[in-house]
Amino acid sequence: MRRRLPAAALALGIVLALLAAAPALAAGYRYWSFWDGAAGGQWSYATQGPSLARPADGSVQGFRFAVSKDAAAEAAKPRAAADFEAVCGATAPAEGRKRVALVIDFGVQADAPTGEVVPQEAPRTACAQVAPEATTAEALAAVAKPLRYNSAALLCAISGYPQHGCGEQIAETGTAEASADASADASAEPSGSAPGGGPSAGLLVGIAAVAALAAAGVWQSRRRRR
């Protein structure tokens, strides 16, 4: 039984080290998600970015600002129905133009970046009348300027909201893991990496713990052999 103690201690140390090295769980990202209007007023997560999507006349496109997962099943949807007639019914068709209904949901105050206020609580709707080949981004620019994008063409702000930040990762505590100014032009660091690109503090602590326990196990084993 005594001979098994060093091995058990070492195994426990490895488990503790792995737990210490694991990055903090993320609640999601603070970002503008993009949605396609579906039948029955429902929303489906867009498979293309707004700068690539070219909606047909009669389409409904939605945007929602929130802290949520970047996944179709978990992202926060616009809180208004995808109803073309409700948005564009009063806008007469024009030759050589298409109508795109836009639903812009600025989200809730709880998801707003620190120091910023949600422009309006209820979703905003607008009917963009644009050229037939226009993208969703062009339709959005026609009714909701100013828009802000980062260097990777990620939509960061609609109608100037938010003023800072762009898709920053949010920890479970509700705080951004990267500063808003830094995330405006750069993506978040990979999990387990410090801002400088080296190993995280948790990983270093875990390695030290494993090394210490391994040394203790070897010392105890040699002591019994004497």
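The preceding data block contains the structure.
Given the structure is predicted, the values throughout are model-derived calculations rather than measurements.

Visitor: Would you explain the side chain of Ser59 in this entry?
Guide: By secondary structure assignment, the location of Ser59 is in strand 3 (residues 59–68). A distance of 2.7 Å separates a polar atom in the side chain of Ser59 from the backbone oxygen of Ala56.

Visitor: Would you take a moment to explain the pattern of salt bridges for this structure?
Guide: A side chain with one charge may pair with a side chain of the opposite charge, provided their charged atoms come close. Counted according to the given criterion, the structure contains 3 salt bridges. The partner of Glu168 in a salt bridge is Arg30, and the shortest N-O contact between them spans 3.1 Å. Of this pair, Glu168 sits in strand 8 (residues 168–171) while Arg30 is found in strand 1 (residues 26–37), placing the two residues 138 residues apart along the sequence. Given a relative accessible area of 9%, Arg30 falls into the buried group. Put simply, Asp105 and Arg79 hold a salt bridge, and the shortest N to O gap is 2.8 Å. In this pair, Asp105 sits in strand 4 (residues 98–105) while Arg79 sits in the loop between strand 3 and helix 2 (84–88), placing the two residues 26 residues apart along the sequence. Three or more residues are tied together by salt bridges with common partners; here these are Arg64, Arg79 and Asp105.

Visitor: Would you explain the packing of aromatic side chains in this entry?
Guide: One pair of aromatic rings is described through two measures. These are the centre distance and the angle between the planes. Applying the stated criterion to the full structure yields 6 aromatic pairs. Relative to Tyr45, the ring of Trp35 has its centre 5.1 Å away and its plane inclined at 80°; by these criteria the two rings are edge-to-face. Of this pair, Trp35 sits in strand 1 while Tyr45 sits in strand 2 (residues 43–45), and the two are 10 residues apart along the sequence. Tyr45 sits in the partly exposed class, given a relative accessible area of 23%. The interplanar angle of 70° and the centroid separation of 5.2 Å between the aromatic rings of Phe65 and Tyr161 together place this pair among those described as edge-to-face. Of this pair, Phe65 sits in strand 3 while Tyr161 is found in the loop between strand 7 (155–157) and strand 8, placing the two residues 96 residues apart along the sequence.

Visitor: What is the right way to look at helix 3 (residues 136–143) in this model?
Guide: Owing to its 3.6 residues per turn, the α-helix aligns residues three or four sequence positions apart on the same side. For helix 3, the full list of buried residues reads Thr136, Ala137, Ala139 and Leu140. Buried residues of helix 3, seen end-on, are gathered within an arc of 160° and therefore sit on one face of the element.

Visitor: Teacher, can you tell me more about the state of the cysteines here?
Guide: One pass over the full model with this rule turns up 2 disulfides. In this model Cys88 forms its disulfide with Cys127; the gap between the sulfur atoms is 2.1 Å. Across the disulfide from Cys88 to Cys127, rotation about the S-S bond amounts to roughly 110°, and the bridge is consequently right-handed. Of this pair, Cys88 sits in helix 2 while Cys127 sits in strand 5 (residues 124–130), and the two are 39 residues apart along the sequence. Classification of Cys88 by relative accessible area gives buried; the value is 0%. With its sulfur 2.0 Å from that of its partner, Cys156 forms a disulfide with Cys166. Looking along the S-S bond of the Cys156-Cys166 disulfide, the torsion reads about -75°, which is the left-handed sense. Taken as a pair, Cys156 in strand 7 and Cys166 in the loop between strand 7 and strand 8 lie far apart in primary sequence, 10 residues in all. Among the residues examined, Cys156 registers a relative accessible area of 3% and is labelled buried.

Parameters at a glance
Residues numbered from 1 in each chain as written. Predicted model: local features only at pLDDT ≥ 70, side-chain atom pairs only at ≥ 80, totals over all residues. Heavy atoms only, no water. Helix = DSSP H or I, 4+ residues; strand = E, 2+ residues; numbered from the N terminus. Polar contact = N/O pair within 3.5 Å; in protein donor to acceptor, adjacent residues only side chain to side chain. Salt bridge = Lys/Arg side-chain N within 4 Å of Asp/Glu carboxyl O. Buried < 20%, exposed > 50% of the residue type's maximum accessible area, 1.4 Å probe, protein only. Phe/Tyr/Trp six-rings, centres within 6.5 Å; stacked < 30°, edge-to-face > 60°. Arc of directions from axis to C-beta. Disulfide = S-S within 2.5 Å.

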